[in-house]
Structures are given as structure tokens and as C-alpha cells.
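Single-letter residue listing:
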Amino acid sequence: MLYREAGQFKSTYAQDQQIFPILQDRIGMAVLLVIAFVAVPLFGDQYWLSAILTPFLVLALATLGLNILTGYAGQLSLGTAAFMAVGAFMAYNAMLRIPHMPILGAFAIGGLCAAAVGLVFGLPSLRIKGLYLAVATLACQFFVLWAINRIGWFSNHSSSGVITAQRMEILGYPIDTPAAKYLLTLSVVAVMALAAKNLMRSETGHAFMAVRDMDVAASVIGIPMMKTKLLAFAISSFYCGVAGAMYAFCYLGTVEPEAFVLDLSFRVLFMMIIGGAGSILGSFLGAGFITLFPIFLNLASKSLENALGIELSHALVSNTEAVIFGALIIFFLIVEPYGLARLWQIGKEKLRLWPFPH
Amino acid sequence: MDRGRPVGEVLLSVEGVSLAFGGVKALNGVSFDVYQHEVRAIIGPNGAGKSSMLNVLNGVYHPNQGTIRFRGEEFRDMDSHHAAKLGIARTFQNIALFKGMTVLDNVMTGRNLKIRCTFLEQALWLGRARREELEHRHAVEEIIDFLEIQHIRKTPVGRLPYGLQKRVELARALAAEPVMLLLDEPMAGMNLEEKQDMCRFILDVNDHYGTTIVLIEHDMGVVMDISDRVVVLDYGRKIADGTPTEVRGDQKVIDAYLGVAHA
Amino acid sequence: MNFFIEVFVGGLLAGVMYSLVALGFVIIFKASGVFNFAQGSLVFFAALTFVSLLERGWNIWLALAVTLVAMVVLGMLIERTVLRPLVNQPPITLLMATIGLTFVLEGVSQLMWGSQPHGLELGIPDVPIEWLSDKWNINVSQFDLFAAFVAGVLVAVLAVLTQKTRIGRALRAVADDHQAALAVGIPLQHIWAIVWAVAGFVALVAGLMWGVRNGVQYALTFTALKALPVLILGGFESIAGAIVGGLIIGASEKLAEVYLGPYVGGGIESWFAYVVALLFLLVRPEGLFGEKIIDRV
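1. Description of the domain arrangement of chain B
Residues and elements named next belong to chain B. Examined at the domain level, chain B breaks down into domain 1 (1-87 + 178-263) and domain 2 (99-176). The straight-line distance from the C-alpha centre of domain 1 to that of domain 2 is 27 Å. Listed as interface residues are 21 residues of domain 1 and, on the opposing side, 13 residues of domain 2. Among the residues domain 1 hides against domain 2, the three largest losses belong to P178, F201 and Y209. Together they make up 37% of the total. At the junction of domain 1 and domain 2, the tally comes to 2 salt bridges. For the pair domain 1 and domain 2, the number of links is 2 residue pairs in polar contact (both at pLDDT 80 or more). When residues of the side of domain 1 that touches domain 2 are traced back to their parent elements, those giving at least two are α2 (80-86), β7 (180-184) and α7 (192-208). In terms of residue class, the side of domain 1 that touches domain 2 is made up of 11 nonpolar, 3 polar and 7 charged.

2. As for a positive patch on the surface
All names here are of chain C. Taken together, the side chains of K30, R166, R169 and R172 present a region of like positive charge at the surface. Top element by residues in the positive patch is helix α7 (residues 166-176). It accounts for 3 residues. Of note, K30 is situated in helix α1 (residues 2-32).

3. Some thoughts on the packing of helix α4 (residues 80-97) of chain A against helix α5 (residues 103-122) of chain A
All names here are of chain A. Where α4 contacts α5, the two axes come as close as 7 Å, and the packing angle between them is 135°. If you check the angle between α4 and α5, you find them oblique. Here α4 runs over α5; the crossing is right-handed. Judged by residue contacts, F83, V86, G87, M90, A91, A94 and M95 of α4 engage I103, A106, I109, G110, C113, A114, V117 and G118 from α5. Taken together, the residues of the contact of α4 with α5 sort by class into 12 nonpolar, 3 polar and no charged.

4. Structural notes on the sheet that holds β7 of chain B
Residue and element names in this part refer to chain B. Ordered in space as β6-β7-β8-β3-β9-β10, the 6 strands form an open sheet in which the pairing is mixed. The sheet is open, and its two borders are formed by β6 (88-91) and β10 (237-242), each paired with just one other strand. In this sheet, neighbouring strand axes are inclined to one another by 15° on average, regardless of whether the strands run parallel or antiparallel. On top of the sheet, helix α1 (residues 50-57) reaches β3 (39-43), β6, β7, β8 (212-216) and β9 (229-234); it is set at about 150° to β7, its chief contact.

5. A word on the pairing of β9 of chain B
Residue and element names in this part refer to chain B. The buried fraction of β9 amounts to 6 of the 6 residues, a majority that puts the element mostly inside the structure. Both faces of β9 are covered, namely the face carrying R229, V231 and L233 and the face carrying V230, V232 and D234. With 4 bridges connecting them, β3 and β9 associate as parallel partners. Its bridge partner lying in β9, R40 is registered against R229. Alignment of β9 against β10, held across 5 bridges, turns out to be antiparallel.

6. Some remarks on unusual backbone geometry
Positive phi values are uncommon outside glycine, yet L171 of chain A reaches one of about 50°. Within the element layout of this structure, L171 of chain A appears in the loop between β2 (169-170) and β3 (173-174). Accessibility expressed as a relative area gives 81% for L171 of chain A, which makes it exposed. We note that H37 of chain B has phi near 65°; this positive angle belongs to a residue other than glycine. You can see H37 of chain B is positioned in the loop between β2 (24-35) and β3.

7. A closer look at the interface of chain A and chain C
The interface of chain A with chain C comprises 40 residues on the first partner and 46 residues on the second. For the chain A and chain C pair, buried surface summed over both sides reaches about 3800 Å², with 82% attributable to carbon and sulfur atoms. The three residues of chain A that bury the most area against chain C are L131, Y132 and W146 of chain A, which together make up 19% of that side's buried surface. If you look at where chain A meets chain C, you find 0 salt bridges. Across the contact surface, chain A and chain C share 0 residue pairs in polar contact (both at pLDDT 80 or more). Contributions of two or more residues to the side of chain A that touches chain C are made by α6 (130-150), α11 (262-275) and α13 (314-335) of chain A.

8. Quick word on the sheet that holds strand β4 (residues 65-70) of chain B
All names here are of chain B. Pairing is antiparallel in the open sheet, where 4 strands are placed in the order β2-β1-β4-β5. In this open sheet, the two edge strands, each paired with only one partner strand, are β2 and β5 (73-75). On average, each strand axis in the sheet is inclined to that of its neighbour by 15°, with strand direction left out of account. Bridge analysis of strand β1 (residues 10-21) against β4 gives 5 bridges, and the strand direction is antiparallel. Pairing of S18 across the sheet is with Q65, part of β4. The sheet strands contacting α1 are β1, β2 and β4, and the helix crosses β1 at an angle near 115°.

9. So, the environment of F266 of chain A
Mapping F266 of chain A onto the fold places it in helix α11. Taking the C-alpha atoms as reference points, F266 of chain A and L133 of chain A, separated by 133 residues in sequence, lie 16 Å from one another. For F266 of chain A, the contacting residues outside a window of four places in its chain are L78 of chain A together with F37, I99 and F103 of chain C.

10. Digging into a nonpolar patch on the surface
Nonpolar side chains collect at one region of the surface, where M1, F3, F4, F8 and Y259 of chain C lie side by side and expose about 530 Å² of accessible area between them. Structurally, F3 of chain C can be placed in helix α1.

Here is what the cut-offs are and how they apply
- Residues numbered from 1 in each chain as written.
- Chains lettered and ligands numbered in written order.
- Predicted model: local features only at pLDDT ≥ 70, side-chain atom pairs only at ≥ 80, totals over all residues.
- Heavy atoms only, no water.
- Domains from an automatic or database assignment.
- Contact = heavy atoms within 4.5 Å.
- Buried area = accessible area lost by both parts, 1.4 Å probe.
- Salt bridge = Lys/Arg side-chain N within 4 Å of Asp/Glu carboxyl O.
- Polar contact = N/O pair within 3.5 Å; in protein donor to acceptor, adjacent residues only side chain to side chain.
- Helix = DSSP H or I, 4+ residues; strand = E, 2+ residues; numbered from the N terminus.
- Nonpolar A, V, L, I, M, F, W, Y, C, P; charged D, E, K, R; others polar.
- Patch = residues over 30% accessible without salt bridge, like charges linked within 9 Å, V, L, I, M, F, W, Y side chains within 5 Å.
- Areas by Shrake-Rupley, 256 points an atom, 1.4 Å probe, with all protein chains shown as cover.
- Lys, Arg positive; Asp, Glu negative; His and termini not counted.
- Charge placed at Lys NZ, Arg CZ, Asp CG, Glu CD.
- Axes fitted to C-alpha atoms, helices over the stretch in contact; angles between N-to-C directions.
- Parallel < 35°, antiparallel > 145°, perpendicular 65-115°, else oblique.
- Left-handed = near helix turned anticlockwise from the far one by under 90°.
- Pairing = 2+ DSSP bridges.
- Buried < 20%, exposed > 50% of the residue type's maximum accessible area, 1.4 Å probe, protein only.

Next up, the structure:
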């Protein structure tokens, strides 16, 4: 009875085109934002802020980036981690080489550089589609990591390519506590998620989806193939690049190129699938699920150890985790290809009709 | 036939267009023209090259020979993006809607060429982006009203029955406010009632918006009823061209349909 | 010059290894349109199972037979549980499912056999052929030559299987058009099961060869990814393409590493194959042996 849109009449198209046309959604979002911005940093403990919530937000942003390219524009990429790497290392270099560089500016530079790399590796998408393109994005993954490893400039010639993120401050306030880093991440992610939502509900997003669903028809109604695909690559890599920069600055602090191996690309891909391809909300749900799942598994194995009085090896736990992740992906693809976001939507529709389902 | 707008001058003329896939000649020196505000049908047996002809007209296929003149401009071949810009819209034989999107979004996408604001403005939802979105929403709603699909506005097109999908595809094409509309078997697979509806919509579009219509259709009754002139293709060649009555009496056409052995 | 030939031949032979993995991809893709990203994991699984059985004191032939059975069963099991429920899904979905499968297979094999690396001996030493090195001063590994021979036999067997037998004809029919094949009474699922079993077998052969060359370890799954550029070059559906593509990739990447590598800091083997494939795609998107596709609308 609570979740009803009855009585909420839309008398203008402007009202109908709001992001959240239903009042309850607006209230829910406001409450969520208040909790995230106020309650969590006030009451959340250090471990949760720095080891769970911050990486969750960062990975959600990366997933969002991948979602724009794969979920919306239909171009499968296996090179997400490479774009994140570009973002991380270029943001580091921006801080290092440009005096008085503001941290948000460095993030933006990281993102823009990633977008440039994305453009270059998006070029093949003009001639090839689908599976061939997926393989092409692997080229990006391997090439970028090799370049960062081998070319000393990227890591300021540090040994083994490790970089340490510089101190961050905004308007004189140092960003050095877990809560501050969390808030910075949250703000960036919130703004970028809003922008993505806007983008996906306007002409650009429609063009992406048109290319995804039926490319011949898309070009016939005048959607420029080249521009649309390249724009998808650029925007997507920008998001991944900013996520990579925050991965380095807000989460890890000290980063080696190996933080961005193919496995991370896959993890982000999994987040997208489990959360829901082609859904902004899904990016968050998927990232949340995959961030929390190992923690849950850890707790489960701990209690199992206690209950049985044995010790499970680390390898056992991590291999089990891999198996469960893989199986979950297959399960979701078979049972609910649109992921958690779709389940959420079904739940909402049920709730709308409840308690009279007919 | 009685029309709101008189048939005007030559809008499109096709000169000696040939198209081959490997060794197969899909079109062989086809020439015809289309007048403004006219309803022009292309008919012919299966494999006659009708769809190929439409594909050449809006640049999905590129002919090996021949020229296309549209609104006074001459082209060796069309590019589909450019064709859309010139005002050529199109529906497909096997519905080519964007399955993951709602009806409204599909039709909105049809207006993409009219959007002026950049993606950055859209991302920030600034003044112009918001204003344009509203403007186009009004235009799109008008088309939605016109084709009587208001009730399914927010439904993902994948869930719609076939007949409605065809109508949505027409709506998407109309959203571009085309000068010329190419319809590839708009009534294929419909029942009688749906066909009648579709005929009415096509004539209304022609009447109300003055859109020139080129259509492929198998149902002879429909073709004879709604078209001003008919081109008949067989094995990639034009075998007849004229008013429905002329074409109906043409011996070559009768032979092509009844299957006289080709010497 | 001798050195060049040595590098070139070494590269070609290394390419054969890629071809062996690529063959597994091609067989499955041809018959079911599934791009099996997990082929590398199947190779790893096969090699690890075999070597673990050997280390437990099994007779080599017994171990081989048991592994073969295991691979065939595994192949069919994958078809039954993963791919069959996903019939008619878009290729990208299938690809993502096989990426998930990669994680399952790698996890399971390490849960079963542990994650330490193993060495593998098949009785053919990985040493240069004597008369070649004596006479021409060119070092070509005996084992590499053996692997090439095995690959040749494998391709011949596959060719006979697909061209001369009834199953082969059914296979090609299915590859051409699922629906039509089904309509003329070819048992689709039966064929797919066979295809996956064959892919399991090919994975075993590849696993043995790779195992001897590089040891049986987790990194095998990454090396196996090199089969992907091979596929791009050769086309996803061509057995000949898999072989030729493998040779080209193998030779060009070795030559590049030796002659180009020193100028750019080395290690370019990690990406060179992909970039070659990518550049190639820009020129000929359908691959060496693929057919041009006409979009019908």
C-alpha cells in the first residue's frame, strides 16, 4: 500500500520526464543520500569506510563506465582495468608534474587521458562487431599494462612501477581520513551517476541503445555510427579512468600496475552482469554484491572453522570464491540476464499491485 | 483518387541502377521516378529485387551502376546517414525496432537528427537540453496520438504484438518528419483488420503531412487501392510502370506472377 | 641468417601451440556459435588432471585414458548445464557465460589438485635436434617438432571426421543453420554434446603439449588467451585458419620480440599478437579465411 503512484497525476510532459517520476522513489533517494552523506561518515567505523564502502563506490563507478559501453551501447569490452590504469597513472602524473594541481582536476585529467586511450582502441569498433571487438579490447588491456610497466615516465621511474598517491586536499581541507576519502569518492560518484542517468535518458543514450539493438536501423534513422560508437568508448573510458584514479588515490594509496590486470576487468564485468546490463542502478547493486560477497564468504568460512574446529586454507577459500563467482555469473545469465536491477524492478511492480495482485 | 494535396513534381528519380552481390544480379538497370506527395508502390514476385531497391534508395546498399536524383541533387550512391538528413525515412520488412527501449524512446530516437544540444549539455541536463527534450516530446506525442498508440507509450517494444510493433516502427519513421517514406511490406503478416488500420494510417500520413510514400506490398488489393502508380520488378528488371489499372492489364506482369517460363 | 631462421622456425613451432588451443575454439564456434572463452581453462584442467594422476604413480596410458574420459564427460557436462539453457541467446551473452565458466573450471581444478606448478615429461626431450645444430648451427627443439607433428595428425583426424563421416556431415549442417538442421531431423543436442566432447579431447592434446613446454601451472590459462588473436587472423570458423593464423602469430611475435623488443624495452610478446590481429582486422574484418557477411534487412 505504501508504494503507489495512484493520485500522482502528471499534467505536463516536464513532470513526466523527471528522473524519478514517482514520489516514493524521490523520498527513498533523498533518504539514501542523507544516510550516505551524513550518517555513514558520522557513525561508520574506519574499516568499513576504507576497506568496503570506498572500494565499493569506486568499483560501482567503473561498472557504470563499462555499463555505458557494454550495457547501453552494446560493445563488449574486456579492457576496463586498462582504462582504470590509465586514469590512475595519469592522475598521479598530473599531480606530480603540474604545480598546484587540484585533486579533482587530476581526476579529470586521468579520466580524459583514459577517454583518449578509449577512443584509439574504440576505432576498430567501426569495422568489427561483437566477439571480434571483445578480443580487440583485450589488446588494449595487455598493451596498456605493458606500456605502464615498461615506460618509466608513468611511474616517475620508481622501481617495479609502483606509485604512491600524493596528499589530497580540497580548498585547504586535507583529505586524509577514511571518512574524508569516502566523502570525496561518494561526491564524485554521485555527481557522475546523475550525469550518466541524464545522458542515458536523452538523445545520446537513445542513440547508444539504438546502435546496440539494431545498428542498421539506427544508421537509417540518421544516427551516425562512427560518432556514436566512439562517443560511447570515450564516455565509458572517462568513467573508468576517473574510477581508476580514485581507486589509487582514495582506496589503495600505493598502486602497482598489477592492480589493474585482466582479472579486475573480469570482476567489473561480473558486477555489470550480476547488477544488470543497461541499468545505472544495476551498476551499484552489482558492485555492492561482489564487494560484499567475499566478506560474507569469509565470515561463513570462519564460522565453519569454529564449528568444525579445523582451519581452512587460504587457497581453499579463494578457489571456492572463484567457483562460486563463476557459477553465479552463469546462473544469472541463464535465469535473470538483466540482473539484480531487473529483480528490483519486478519487486517494485509487485509492490505497486500489492495486496491485490490481479 | 481524392487527395488533400495534389501530386507535385518529380521528387526522386532513379536512373539505370544495377546492384550485384557476387555473381547474383539483384537489380539490373532499373529506372523509375516518384512525384511529390505521391503513393508509389513497388511490386513483384519474391526475389524480384524490391527490398534491394529500397535499400539502395536510403543507402544501406550501394549500387554498382546508375544514379539517384533526390530533390534535385544527384548521387552515385546514398549513404544512410545522409539519406536520413535529406529526409528519407524507412521501415523494414522484418521489424527493426530497438527492442530494449520503450515505445516512447523508440519514437524519440527517430528525432535524433533534430537534436542540437551536445552530450555534455545532456549530461548536465542544462537549459537547452531540457527545453529540446520537451519540445521533441510534444512533437512525438502528436505522432503517438496520430497513430493511436498512446496506451503503450511506456511499454518496451519487445513485449508488443506484431501489428503494434509495425505501427511503432511507422511512428519512429514519422518522427523524423520525412519528405519521403519508404515502407517495406508494412502489412505483411497482418490480419484484415490490422491491414485496414495500416492502410488508413498510410493514407492519413500522405494526406496530413504530405509525405511522399514508396511502399512494397504483396497484397494486390491493398496496392491497387492506395497507390497512385506502381512499378513492377521481376528478376531485378523493371517490367512495367504505370497506374494500378494499367499495370493490372499488362501481359508481362500477368506472366511474371503466373510464372511463364523465361526464355 | 642462421639465427633468423632459428627464430623464425622456433616461432612457427610455438605458433603450432597456439593453433592447438585455437582449434578447440573453432570446433565449438563452428557448430554452435559459442565463443568458448573457457577453452584455455579446459586445457589447464586437462593438463593438471593428467599430471596429477601421473604424480600419484599412475601408469601413463591409464592416466591418459582416465583424463580423456574426464575431458569428454566435462565437455558434455558443460554443454548440458551451461550452454543448453542459453540456446538462442546473443553471442555476447554466451561469451560472458564462458568467462564465468573459466572461473569455475580454474577454481575446481585447483581445488581438486592444488595450485602448485608441476613439470611434465612425455619421454620426448625438449632439446635441439642434433644434426640440425651440428650441420647448420640452427637450434630447433625436438619436442616442438613433435608437437607440430601431433597438431598435424589432429587436424587430419578432425578433417576426416568432419568431411568423411555421417556425424561430420551433420556437424557441418548444424554449423550452417541450426534450424534447418533440426528440421531435417539432425539431433541438435546430440551433435553439440559430441562437439564439446571433441573440444575436451583437443584441450587434452593441447594441455599435454603446453604442459611439457611450459610446465603445468595457472599461467597456462593466460598463454592460452593467445589463441584469440590467432582466431581473429584465421577467422572463427576455419580450421585451416586456426593453423595458419597460429603460425603467423607465432613467427611474427618471436621475430618482433627478438628484433624489435630491444628497442622498446622488451616483453612485447604480451601484446604484439593482439596488435597484429587488430591491425589485420582493420584491413580484412572477416579474417583470412572468413566469408564476407552481407547484412540483410
